[in-house]
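Tertiary structure, described
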Amino acid sequence: MADPFPELEDEPSPERRAEGLKTLRLALWGAVALVVGIGLVAMFAPDRSPPSAGAAAYSDSIGGPFSLTAPDGSRVTDQTLKGTPFAIFFGFTRCPDVCPTTLSRMAQLRKQLGPDGDKFRIVFVSVDPGYDTPQDIGRYVELFGTPILGLTGTDKEVDAAVKAYRAFYQKVPTKGGDYTIDHTASVYLMDASGRLQSIIAYDETNPSALAKLKRLVG
Ligand code: NI
């Protein structure tokens, strides 16, 4: 095998030359080890790409494919919502506080936006499909005096939507055999292409929430 290392220009003493080559070889082997190491890390690193080709359009980890039913029986999906920004929220019609508070606030903030308030949708997804029919949800969202798209689906469809948004809900038994539902209280602001732009937290101030909505429709 040919010696890959170049001759030195000057003619140092044989000992110094041998020492210099030894140092050079060590450095080169070090570089080889580093490259091999990086290759191995790359080979065994977990695959972080989205699980399906359909999800490839979503660079963020929040938001993704879903398919649910509207009050009029039509199907609404992440694809049919594309083209207009939307604020999406998960809850249930019997919710005593978080849902009515949040939907009232969204209605109020939309009014504050004036004409720009028409530039985004408010979407409410019921995570209680065993109780809330699409028609029930339609009647419920009408109480807030602003257009709200109420959705739900089968347990499986609701779970898929909740998972796509990394949201959470859990039925909690109450006295008398009834139940309530703990659920994510944040509102997800999605841009016209269905990507997450920001989140309005439940305890966020109205000016801060309004600023986020202005950005959403801007
Ligand atoms: Ni609620």
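Residues numbered from 1 in each chain as written. Predicted model: local features only at pLDDT ≥ 70, side-chain atom pairs only at ≥ 80, totals over all residues. Heavy atoms only, no water.

A few points about the overall build of the chain
Helix and strand counts for the chain stand at five helices and nine strands. N-terminal to C-terminal, the α/β element order of the chain is α-β-β-β-α-β-α-β-α-β-β-β-β-α. Per-residue burial over the chain gives 38% buried out of 218 residues. Relative to all contacts within the chain whose residues are 6 or more apart in sequence, the contacts with residues 24 or more apart total 65%. Surface summary for the chain: the accessible area is close to 12,900 Å², and the carbon and sulfur share equals 59%. (Helix = DSSP H or I, 4+ residues; strand = E, 2+ residues; numbered from the N terminus. Buried < 20%, exposed > 50% of the residue type's maximum accessible area, 1.4 Å probe, protein only. Contact = heavy atoms within 4.5 Å. Areas by Shrake-Rupley, 256 points an atom, 1.4 Å probe, with all protein chains shown as cover.)

What about the coordination of the nickel ion?
Distances from the nickel ion to its protein donors, Cys 95 (SG), Cys 99 (SG) and His 183 (NE2), fall at 1.9 to 2.2 Å. The sequence pattern formed by the donor residues of the nickel ion is C-x3-C-x83-H. You can see Cys 95 sitting in the loop between β3 (86-91) and α2 (98-112) and its partner His 183 sitting in strand β7 (residues 179-183), a full 88 residues away along the chain. Here Cys 95 falls in the buried class, since its relative accessible area comes to 7%. Judged by relative accessible area, His 183 falls into the buried class, the value being 13%. (Donors = N, O, S within 2.8 Å, 3.2 Å for Na, K, Ca; no water.)

A look at the confidence of the model for the chain
Of the residues in the chain, 72% have a pLDDT of 70 or more, and the chain-wide mean is 83. Low pLDDT, under 50, characterises residues 34-59; the predicted model gives this stretch twelve contacts beyond four residues in sequence or across chains. (pLDDT = per-residue confidence, 0-100.)

Thoughts on the packing of aromatic side chains
Here the structure, examined in full by the defined rule, presents seven aromatic pairs. Ring geometry for Phe 66 versus Tyr 165: centroids 6.2 Å apart, planes at 55°, classification tilted. Remark: Tyr 165 occurs in the loop between α4 (155-164) and β6 (169-173) and Phe 66 occurs in the loop between α1 (14-44) and β1 (67-69); sequence separation between them is 99 residues. We classify Tyr 165 as buried; its relative accessible area is 1%. Arranged with centres 6.2 Å apart and planes meeting at 25°, the rings of Phe 89 and Phe 124 form a pair that is stacked. Linking Phe 89 in strand β3 with Phe 124 in strand β4 (residues 121-126), this pair joins segments that are 35 residues apart in sequence. Given a relative accessible area of 2%, Phe 89 falls into the buried group. Taken together, the ring pairs in this structure connect Phe 66, Phe 90, Tyr 165 and Tyr 188 into an aromatic cluster. Sitting over the face of the ring of Tyr 131, Arg 94 holds its NZ or CZ atom 4.2 Å from the ring centroid. One cation-aromatic arrangement involves Lys 171 over Tyr 179; the distance from NZ or CZ to the ring centre is 4.5 Å. (Phe/Tyr/Trp six-rings, centres within 6.5 Å; stacked < 30°, edge-to-face > 60°. Lys NZ or Arg CZ within 6 Å of the ring centre and 35° of its normal.)

Brief notes about the sheet that holds β4
Pairing is mixed across the open sheet formed by five strands, whose spatial order is β5-β4-β3-β8-β9. This sheet does not close on itself; its edge strands, each paired only once, are β5 (149-151) and β9 (196-200). For this sheet, the mean angle separating the axes of adjacent strands, direction not counted, is 25°. In terms of strand pairing, strand β8 (residues 187-190) meets β9 through four bridges, oriented antiparallel. (Pairing = 2+ DSSP bridges. Axes fitted to C-alpha atoms, helices over the stretch in contact; angles between N-to-C directions.)

Concerning the nonpolar core
By size, the foremost hydrophobic cluster in this structure holds 49 residues, and its most contacted members are Ile 88, Phe 90, Met 106, Phe 120, Phe 124, Tyr 165 and Leu 213. Of all elements in the fold, only β3, α2, β4, α3 (134-142), α4, β8 and α5 (206-217) reach the threshold of two or more residues within this core. Other than its neighbours up to four places away in sequence, Phe 120 contacts Thr 84, Pro 85, Ala 87, Met 106, Arg 110, Leu 113, Leu 213, Leu 216 and Val 217. (Core = buried A, V, L, I, M, F, W, Y, C linked by side-chain atoms within 4.5 Å.)

Regarding α2
Look at α2: 21 Å from first C-alpha to last across 15 residues, which is about the 21 Å you get at 1.5 Å a residue. Taken residue by residue, α2 has Val 98, Cys 99, Thr 102, Leu 103, Arg 105, Met 106, Ala 107, Leu 109 and Arg 110 as its buried positions. One or two positions beyond α2, positive phi appears at Gly 114, with a value near 65°. (Expected span 1.5 Å × (residues − 1).)

Here's the deal with the side chain of Thr 93
Checked against the element boundaries, Thr 93 lands in the loop between β3 and α2. Contact partners of Thr 93, with chain neighbours within four places excluded, come to Phe 124, Tyr 131, Asp 132, Ile 137 and Tyr 140.

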